Amino acid sequence: MKVMKFGGTSVGSVESILNLKRIVESEHNTVVVVVSALGGITDRLLSTSRMALSGDDSWRQEFNAIKSRHFEMIDALFAADQKKEELIGTINSFFKELESIYYGVYLIHDLSAKTEAAIVSYGERLSSHIVAALIDGGLRMNSRDFIRTVRKQGKHVLDAELTYKLVRKSFEALCGDHASGRKSVAVVPGFIARDRESLETTNLGRGGSDYTAAIIAAALDAEVLEIWTDVDGFMTADPRVIKTAYTINELSYVEAMELCNFGAKVVYPPTIYPVCIKNIPIKVKNTFNPDHPGTLIKQKIDNDRKPIKGISSIKGTTLITVTGLSMVGVIGVNRRIFSTLAENGISVFMVSQASSENSTSIGVRDEDSERAVEVLNIEFAKEIVTGAMFPMQAEKGLATIAIVGENMKHTPGIAGKLFGTLGRSGISVIACAQGASETNISFVVDAKYLRKSLNVLHDSFFLSEYKVLNLFVCGIGTVGGNLLEQINAQYKTLKESRQLKLKVVGIASSKKAIFNRDGIDLRTYRQQLESAEASNIERLKEEVIGMNIFNSVFVDCTASADVAALYQDFLDHNISVVTANKIAASGPYADYYKLKQTAMRKGIKFLFETNVGAGLPIIGTINDLLNSGDRILRIEAVLSGTLNFIFNTISAQVPFSQTVRLAKENGYSEPDPRIDLCGKDVIRKLVILAREAGYTVEQEDVEKHLFMPDTFFQGTLDEFWKQLPTLDDDFETRRKVLESQGKRWRFVAKMDGGRCSVSLEAVDQRHPFYGLEGSNNIVLLTTERYREYPMLIQGYGAGASVTAAGVFANIMSIANI
């Protein structure tokens, strides 16, 4: 025998109720069908009673709307025949009774608990008659005939012994049909019951239909209890928050109970107990997707190796802290706390106590917080007056998260990984609790970090199919544009081979920006930017920080000082920074040092490999040498691909001024080539290398021996281009002399024991720099280990494509953490 429960959404529309009919009629054995009220009707019944109580005449309109919905459902489901007429007669009689009750409430302005229970019972009574009439062979049974409650501490609770006895008696004939191989279908209204003594109508509370089904399944020793709802089963996390959440195939009773208690509203928690003690499995299925296997809940899961099964959360948490020196070593303080709260009907869902015993923190829902503080202050009034205890402290605006899995107790390091992951994402844990069973680790965070916490934990514990890195790309010029093209081209490969999703959630140009936490289509981002609203540096900062998204990286492909000034704010908010912009790393040493230290302290990354040598692994190599215990003694380098291109291209046929134009046209130089020609770009790069090598250097410390008069770096860019050809004759004369000596020009950057200089030097054929071609860069590193034969790094040192590739490599290094 099978018990099948269908919730409000499963009987809430014509489509869903017809699905119900097909599902039930496809069964070959006897089934008990438990139904809830039509979706939303229970709440409407209660709100209408409040209207009547307050003397609001609009209760009639609301009542008529409830009535119309049921009759419209009947008209859509049934053809005109005697069965429909009989059903309409039954439903009409119910509505006449209900209208009389509402009218009585309206007249005398009184709504007792007894009357409210009677009113709310009509939802299930009406729906069960409709479903029983619709299903072929459906027999409606009245749950008030066999579900009994008893009043305890002001609440109606199940009288299990009497109820089980009455259920078996009521379903005797049905069980007989099942035993003889005849199929029967019993339709039962969920939720409603009768008081054991007075026989007045009561109910099992919210989620009572699930509970009704579990009680019947346990009493009849059913083969399985099926809960039919509007989702495919238990999910690894809330799919509205985590797009990659997926259905959990199997859960133990304990795991399901823990997830339910912490916000997973798939099954009503008390449902699990009656079937658990009888070892009856629960199957959660989707009425709208019946072919999906759903989630199976049972005693023991075979071949279960996952330490974490799911993540659940409760919004609207208030943490109340009871603290005082008199609590230390005193027996009975916690008893008083929990007794006081229980007597006032306040539920505590999390407890955290310091081992010193001087404080206990309890988690309650926001709506209970003020009352909880009030009653606890009254309970401990004497201690508060004497100073032995402090007034209750309530911290609102919080959320509680639980990670659940029975295998956690067999897997060392889960808690460490949990808190480490949260810490690296800049999320502070306010309180935490873990039982000795190690099935559930619960913790409280600021509510504004709930979404971020869920996402980063889901990703970290491999509940997600893919690891996700969320990117904000600033700058869509040659480097930024190439980077976005490379990310788009590699997206599918990384997703399939590395289970990595590089999701670009923000793109900003100098004037406009687009943001979308679900990801931006990189095939059309330029068109999207054209129609986007105007942006500025303040909006960029607010959007990136305000999105509060997990595993986020800000990628700077600009040369803007204003953008570089944002790095500290981003790092402070646990957003990693990858930059091709040299300004931050070459600026004041104190600022550079603070950025590096912030990234280290936060456990995130501040990476700028492409600041020197485009895609060449220069900074990374220096870091590797230092981290392995080596020491950088001397650096000699040609660091400007632009200048190397110029001095390799200059000839009798190509004058100096033309080589500068060619460098700009080929994308080797800055938009204003004077930045390259004045040596400023090389000075910045040398300062960065010296700092990464462990030396405290400022740009002003670098000795400059330049090859152009200062007057060329003053005035406008147009004036510069007009004046530039006046240098051609001088350069050609000097070039001929150089050529006759078998030498070449190289603009060389040097660092020797922390002393830095840049100068145009003539090198002969024996020098490693002599054969440097095109726009290539070269770096010689003399270290304690590489003293006699310096380490040489050489390759393309300029160009949008290789620079973008270097930025991409930095991004990937973060993804690999």
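Residues numbered from 1 in each chain as written. Predicted model: local features only at pLDDT ≥ 70, side-chain atom pairs only at ≥ 80, totals over all residues. Heavy atoms only, no water.

Peer 1: If you had to explain the pairing of strand S18 (residues 440–446) to someone new, which residues and values would you point to?
Peer 2: The element S18 is largely enclosed, with a buried count of 6 among its 7 residues. Across 7 bridges, the pairing between strand S16 (residues 393–404) and S18 is antiparallel. If you follow Leu 398 over to S18, its bridge partner there is Asp 446. The pairing of strand S17 (residues 431–434) with S18 spans 4 bridges and is antiparallel. Paired with Ala 433 across the two strands is Ser 442, which belongs to S18. (Buried < 20%, exposed > 50% of the residue type's maximum accessible area, 1.4 Å probe, protein only. Helix = DSSP H or I, 4+ residues; strand = E, 2+ residues; numbered from the N terminus. Pairing = 2+ DSSP bridges.)

Peer 1: So what about the nonpolar core? Which residues, and what values?
Peer 2: Judged by nonpolar contacts, the single largest core of 104 residues is most densely connected at Ile 403, Leu 457, Phe 554, Ile 635, Phe 656 and Phe 707. Looking at this core element by element, the count peaks at 7 residues for helix H27 (residues 680–692). Not counting the four nearest positions on each side in its chain, Leu 457 is found in contact with Ile 311, Ile 401, Ile 403, Leu 418, Thr 421, Leu 422 and Phe 443. In this structure, Val 34, Leu 174, Ala 219 and Ile 272 belong to the second largest nonpolar core, which totals 54 residues. (Core = buried A, V, L, I, M, F, W, Y, C linked by side-chain atoms within 4.5 Å. Contact = heavy atoms within 4.5 Å.)

Peer 1: A description of helix H15 (residues 450–460) should follow, citing residues and the corresponding values.
Peer 2: With 10 of 11 residues buried, H15 is to be regarded as a mostly interior element. The set of residues buried in H15 consists of Leu 450, Lys 452, Ser 453, Leu 454, Asn 455, Val 456, Leu 457, His 458, Asp 459 and Ser 460. At its buried positions, H15 is contacted by strand S13 (310–323), S16, helix H14 (414–424), S18 and strand S19 (467–474).

Peer 1: Before we move on, could you go through the packing of helix H4 (residues 82–108) against helix H5 (residues 113–134) and cite the residues and values that matter?
Peer 2: Taken N-terminus to C-terminus, the directions of H4 and H5 make an angle of 170°; their axes are 11 Å apart at the nearest point. In terms of axis orientation, H4 runs roughly antiparallel to H5. Of H5, the residues touching H4 (which contributes Lys 83, Leu 87, Thr 90, Ile 91, Phe 94, Phe 95, Glu 97, Leu 98, Ile 101, Tyr 102 and Val 105) are Thr 115, Ile 119, Tyr 122, Arg 125, Leu 126, His 129, Ile 130 and Ala 133. Each residue belonging to the contact of H4 with H5 can be placed in one class, and the counts come to 13 nonpolar, 3 polar and 3 charged. (Axes fitted to C-alpha atoms, helices over the stretch in contact; angles between N-to-C directions. Parallel < 35°, antiparallel > 145°, perpendicular 65-115°, else oblique. Nonpolar A, V, L, I, M, F, W, Y, C, P; charged D, E, K, R; others polar.)

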